[in-house]
Amino acid sequence: MTFTDLELTNAFFRDNFIGPKSDRPTVTVMRDSFAEVTLQTGRQHSRPGNMVSGPTQMALADTVAYVTIFTKLGITPMAVTSSLNVSFLRPCIGPSMRAEGTLVKLGQTLGVTDVRIFGEGRDAPSAIATVTYALPK
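The present account deals with the structure reproduced in this document. By convention here, each chain's residues receive numbers from 1 onward along its written sequence. Totals for whole chains, interfaces and linings use all residues, but because this is a predicted model, local features are given only for residues with pLDDT of at least 70 and pairs of side-chain atoms are given and counted only at 80 or more. Where side-chain values are given, they derive from all heavy atoms of the structure, hydrogens and water being excluded.

**Details of the overall build of the protein**
In step 1: Summing up its helical and strand segments, the protein has two helices and eight strands in all.
In step 2: For the protein, the α and β elements follow one another from N to C terminus as α-β-β-β-β-α-β-β-β-β.
In step 3: Each radius of gyration is computed over the set of C-alpha atoms, and the globule rule expresses the reference value as 2.2 Å times the number of residues to the power 0.38. Taken against the 2.2 N^0.38 rule, which gives 14 Å for 137 residues, the C-alpha radius of gyration of the protein at 14 Å falls within 12% of a compact globule.
In step 4: Counting only C-alpha atoms, the protein reaches 45 × 30 × 25 Å along its principal axes.
In step 5: To sort residues, take the accessible area from a 1.4 Å probe on protein chains only and compare it with the maximum for the residue type: under 20% means buried, over 50% means exposed, and anything in between is partly exposed. A total of 137 residues make up the protein; the buried ones form 42% of that total.
In step 6: Residue contacts are counted whenever heavy atoms from the two residues lie within 4.5 Å of one another. In the protein, once contacts between residues fewer than 6 apart in sequence are set aside, the share between residues at least 24 apart is 64%. Segments assigned H or I by DSSP are reported as helices when at least four residues long, segments assigned E as strands when at least two residues long, and all are numbered from the N terminus.

**Some details on the side chain of Ser33**
In step 1: For Ser33, the position within the fold is in the loop between strand E1 (26–31) and strand E2 (34–40).
In step 2: In contact with Ser33, not counting residues within four places along its chain, are Thr68, Thr71, Lys72, Gly101, Thr102 and Leu103.

**As for the nonpolar core**
In step 1: Grouped together as the largest cluster of nonpolar side chains are 29 residues, with contacts concentrated most on Val115 and Ile117.
In step 2: Of all the elements in the fold, those that place two or more residues in this core are helix H1 (6–16), E1, E2, helix H2 (54–73), strand E6 (96–106), strand E7 (110–119) and strand E8 (127–134).
In step 3: Per-element tally for this core: the top contributor is H2, with eight residues. Here the nonpolar core consists of buried residues drawn from Ala, Val, Leu, Ile, Met, Phe, Trp, Tyr and Cys, with membership extended through side-chain atoms lying within 4.5 Å.

**Structural notes on the layout of surface pockets**
In step 1: Every definition here rests on a 1 Å grid over the protein atoms only: cavities are sets of points where a 1.4 Å probe fits but cannot get out, pockets are open sets enclosed by protein on both sides within 12 Å along at least five of seven lines, and lining residues have some atom within 4 Å of a point. Grid points are joined across faces, edges and corners, and a volume is the space filled by probe spheres set on the points. Computed from the structure, the largest pocket encloses a volume of approximately 380 Å³.
In step 2: Taken together, 18 residues line the largest pocket, and the ones lying closest to its centre are Phe17, Asp23, Pro25, Ala59 and Thr63.
In step 3: The element that contributes the greatest number of residues to the lining of the largest pocket is H2, accounting for six residues.
In step 4: Its residues assigned to classes, the lining of the largest pocket comprises 11 nonpolar, four polar and three charged. Gly is placed with the polar residues, together with every amino acid not listed as nonpolar (Ala, Val, Leu, Ile, Met, Phe, Trp, Tyr, Cys and Pro) or charged (Asp, Glu, Lys and Arg).

In short, geometric facts, not functional conclusions.
Structure follows, in structure tokens:
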């Protein structure tokens, strides 16, 4: 059972996170324990060769993990990243990228999400991450 939906979740990000619209990811899929988030990348996200930077990939991994928590608890503003471990496997090529997150475990104080990041049109992930969120009491 999903406790929020795409429209409410995207509105939450739009209304609560400052910065240019071009830096804001879009939540495209939400279902029980799963989310997908996309980002249109630009120069500010790139390294030479049109490769998406590591910090941009890590930010997207963090975002999709946050959203997987929402699929179980609803929008939870005070959930915060506790740890993020990422392995970069191959270049992530833009101009867009997506992250898929699967909630592995949701306890009383922590939520753990497995994340896969893909460059545009790619079947193999450019990076994999494990993201842990601390949940508010």
